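Below, each chain spelled out in residue letters.
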Amino acid sequence: MVSAGVNFGLDLAGEIKALKRERNAVILAHNYQIPELQDLADYVGDSLGLSFQAAKTDAEVILFCGVHFMAETAKILNPTKKVILPDLDAGCSLSESCPPEKLQAFLAQHADKSYYVIAYINCSAGVKALSDVICTSGNAEKIVRAAPADRNILFVPDQNLGAWVIERTGRRMDLWQGNCYVHIEFTARSIGAIHAEHPGAPVVAHPECPFAVRLLADEVCSTEKMITYCKESPARAFIVVTEAGMLHRLQKEIPSKLFIPGPTDRCACAECRFMKMNTLEKAHAALLNLEPEIILPEQLRARAEAPIRRMLELSR
Ligand code: 13P
Ligand code: SF4
């Protein structure tokens, strides 16, 4: 029996935990979610870790606290499970920058190139369905190195991540001109200025940052690898150049060190408005009503599953 509308005198977080048990649900949260949601989740991580968790869960319901493409990936991997997202409008500017129809038209126009398409996971199911393999910021280098040597590669949709992988691998790729509206706000000026204030603090940046910012970084990596890097580094303070939600987990797991958010030219830190659409109230309502739910046409889902499975195989 589900406790619809009944208040057990628990706080909202307590009610969510109780509902989670009743629903046989698992809560997966991305590193950029608000602290209250991260603290409630069964697993908090980057897109790669979240994909592995989604692939192996035996829960009946997945409450995905992240953005739409992440929940959609979980649904693609779990067609028989209910995947719910606290706010269905939690999108992603990178995903938006590559509509499947445009990609399809581009591929048709350049059929002579017979592209091997590598899609960053920050894209829609429609784009995944047109791709050969998916990658995340955590495995992009590995996935590109594994691509057939005799094929032209088209990397979509993030031009900055794509450029970073070219720098790392030397592999030539054509890049879709998309970007993340949050990470392109960081500039050499804003990061240079904060570094001048904390000269001993290594700069840790996400590969979605522009070239001039990556150039200033001591480490460029996925959000999950930021945790490992900061744990293992002897440094006591770090400048963290990514979405500000990242600082919660860093501070929680490494309380003895100082984490300074990378500023932009306009703000002391950068926040993704999509990631911040999810709240405790919406998570509670989603578990109570089992909606909003991610629904996908089966043909599209099946076509999008193959390149994700290929990525998971290559990443083990
Ligand atoms: P990570 O997979 O590194 O967590 O990145 C996801 C993302 O959306 C970055 O903006
Ligand atoms: Fe998309 Fe950028 Fe938000 Fe990540 S931070 S979800 S890439 S808009």
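Rules of the game
Residues numbered from 1 in each chain as written. Chains lettered and ligands numbered in written order. Predicted model: local features only at pLDDT ≥ 70, side-chain atom pairs only at ≥ 80, totals over all residues. Heavy atoms only, no water. Salt bridge = Lys/Arg side-chain N within 4 Å of Asp/Glu carboxyl O. Helix = DSSP H or I, 4+ residues; strand = E, 2+ residues; numbered from the N terminus. Buried < 20%, exposed > 50% of the residue type's maximum accessible area, 1.4 Å probe, protein only. Near = heavy atom within 4 Å. Nonpolar A, V, L, I, M, F, W, Y, C, P; charged D, E, K, R; others polar. Phe/Tyr/Trp six-rings, centres within 6.5 Å; stacked < 30°, edge-to-face > 60°. Lys NZ or Arg CZ within 6 Å of the ring centre and 35° of its normal.

1. Here's the deal with the pattern of salt bridges
Reasoning step 1: Enumeration over the complete set of coordinates arrives at 19 salt bridges.
Reasoning step 2: Across the pair R249 and E253 runs a salt bridge whose closest N-O atoms are separated by 2.8 Å. Taken as a pair, R249 and E253 lie in helix α13 (residues 246-253) at a separation of four residues, close to a single helical turn.
Reasoning step 3: The exposure class of R249 is buried, given its relative accessible area of 8%.
Reasoning step 4: Since its relative accessible area comes to 35%, E253 is described here as partly exposed.

2. Some points on the site of ligand 2
Reasoning step 1: Ligand 2 sits among Y32, V67, C92, S93, L94, N122, C180, Y181, V182, E208, C272 and M275.
Reasoning step 2: Here the shell around ligand 2 is composed, by residue class, of nine nonpolar, two polar and one charged.

3. Describing the packing of aromatic side chains
Reasoning step 1: All chains considered together, the criterion is met by five aromatic pairs.
Reasoning step 2: On the numbers, 5.8 Å between centres and 75° between planes, the contact of F106 with W176 is edge-to-face. Remark: W176 occurs in the loop between β8 (174-175) and α10 (188-197) and F106 occurs in helix α6 (residues 100-109); sequence separation between them is 70 residues.
Reasoning step 3: Under the relative-accessibility criterion, W176 is labelled buried at 12%.
Reasoning step 4: In this structure an aromatic cluster arises from ring pairing among F106, Y115 and W176.
Reasoning step 5: The ring of Y181 has R273 lying over it, and the distance from NZ or CZ to the ring centre is 4.6 Å.

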